[in-house]
Amino acid sequence: RAVWTGAVLNCIVSDNTVAYGTNTWSTSYNLSPGAYGGGICSFLYTGPSPFAFIVSNCIIRNNRALSGLSYESSYCSSYGGGIYVRDAGQKYIVNNIIESNSATMGGGGYFEHGNTLIEKCVIRGNKALSSGNGNDQNTVQGGGWYLGSGQIAGGVPPGIHVVKNCLSYNNTSAGRGGGLLTWGGQAELYNLTITSNKAVYAGSGIGMRGVVQGSSL
């Protein structure tokens with residue numbers, strides 16, 4: 001069976017902003033109203049599976065996904081300041097610098113549904129910012145990155161997130177998971193250095209359920 005692939009290779013993605021309340025299309029693609037992917041955004045709601053998405057040899061810097069009130073005057077979160085990828089059966093995030101990006105969920109990156117490999121990346125100075133809705137403990141997660149789980153389009157079952165040989169430092173969260181937060185599913189972390197990250201409520205380095213091997217925290 002054919003595998004559909006999207007890729008961002010050898011690029012500098014910097015100083016971009018996606019704002020809340022302008023993307024009325026989000027509900028058409030089974031997304032909650034909000035802002036998605038300040039630098040890079042990829043999702044597959046309907047279409048062929050498996051689908052692979054690759055980000056490699058890139059600098060992703062100073063991008064923002066802004067939260068706030070939607071066009072319906074209801075509160076909207078923001079997801080993936082640097083990168084937002086969901087509904088890809090395989091996600092490869094390899095040999096990138098991801099720095100100084102911000103969102104309420106996944107300041108550096110937000111990855112959900114399907115398998116994820118994050119390898120040989122530097123994730124630094126990213127922020128999960130206060131949501132402003134008085135519930136930062138539950139709505140602000142993952143300063144460096146956020147790894148979620150769940151059934152994806154096309155019936156592909158929930159996958160495994162593997163992060164290895166990465167450096168994560170100086171990331172902050174106004175809620176949980178300063179360096180990294182995983183929510184549901186299975187996450188495996190190998191040979192990481194995670195240092196000098198901060199979170200207000202829990203998990204300054206890592207907030208997760210999963211496996212950690214050979215890492216410096």
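About the cut-offs
Residues numbered from 1 in each chain as written. Predicted model: local features only at pLDDT ≥ 70, side-chain atom pairs only at ≥ 80, totals over all residues. Heavy atoms only, no water. Buried < 20%, exposed > 50% of the residue type's maximum accessible area, 1.4 Å probe, protein only. Helix = DSSP H or I, 4+ residues; strand = E, 2+ residues; numbered from the N terminus. Pairing = 2+ DSSP bridges. Salt bridge = Lys/Arg side-chain N within 4 Å of Asp/Glu carboxyl O. Core = buried A, V, L, I, M, F, W, Y, C linked by side-chain atoms within 4.5 Å. Contact = heavy atoms within 4.5 Å.

## Examining the pairing of strand 11 (residues 83-86)
- With burial as the criterion, each face of strand 11 is covered, one bearing Ile83 and Val85 and the other bearing Tyr84 and Arg86.
- Relative to strand 15 (residues 109-112), strand 11 runs parallel, the two being bridged by four bridges. For Val85, the partnering residue across the bridge sits in strand 15 and is Phe111.

## Things to note about unusual backbone geometry
- Although it is not a glycine, Asn95 adopts a positive phi angle of roughly 60 degrees.
- Tracing the backbone shows Asn95 in the loop between strand 12 (90-94) and strand 13 (97-99).
- Under the relative-accessibility criterion, Asn95 is labelled partly exposed at 39%.
- Positive phi values are uncommon outside glycine, yet Asn191 reaches one of about 55 degrees.
- Topologically, Asn191 is positioned in the loop between strand 24 (186-190) and strand 25 (193-195).

## What about the pattern of salt bridges?
- Enumeration over the complete set of coordinates arrives at two salt bridges.
- A salt bridge links Arg61 to Glu99; the nearest nitrogen and oxygen atoms lie 2.6 Å apart. Pair noted here: Arg61 is in strand 7 (residues 59-61) and Glu99 is in strand 13, with a separation of 38 residues, a long-range link.
- We classify Glu99 as buried; its relative accessible area is 11%.
- In this structure, Arg124 engages Glu99 in a salt bridge whose closest nitrogen and oxygen atoms are separated by 2.6 Å.

## Side note on the nonpolar core
- Counting 26 residues, the largest nonpolar core has Val55, Ile83 and Ile118 as the members making the most contacts within it.
- Listing elements by their share of this core, those giving two or more residues are strand 6 (51-56), strand 11 and strand 19 (145-148).
- When residues of this core are assigned to their parent elements, the largest contribution, three residues, is made by strand 6.
- Contacts of Ile118, omitting those with residues within four sequence positions, involve Ile93, Phe111, Trp145, Leu147, Val162, Val163, Lys164 and Cys166.

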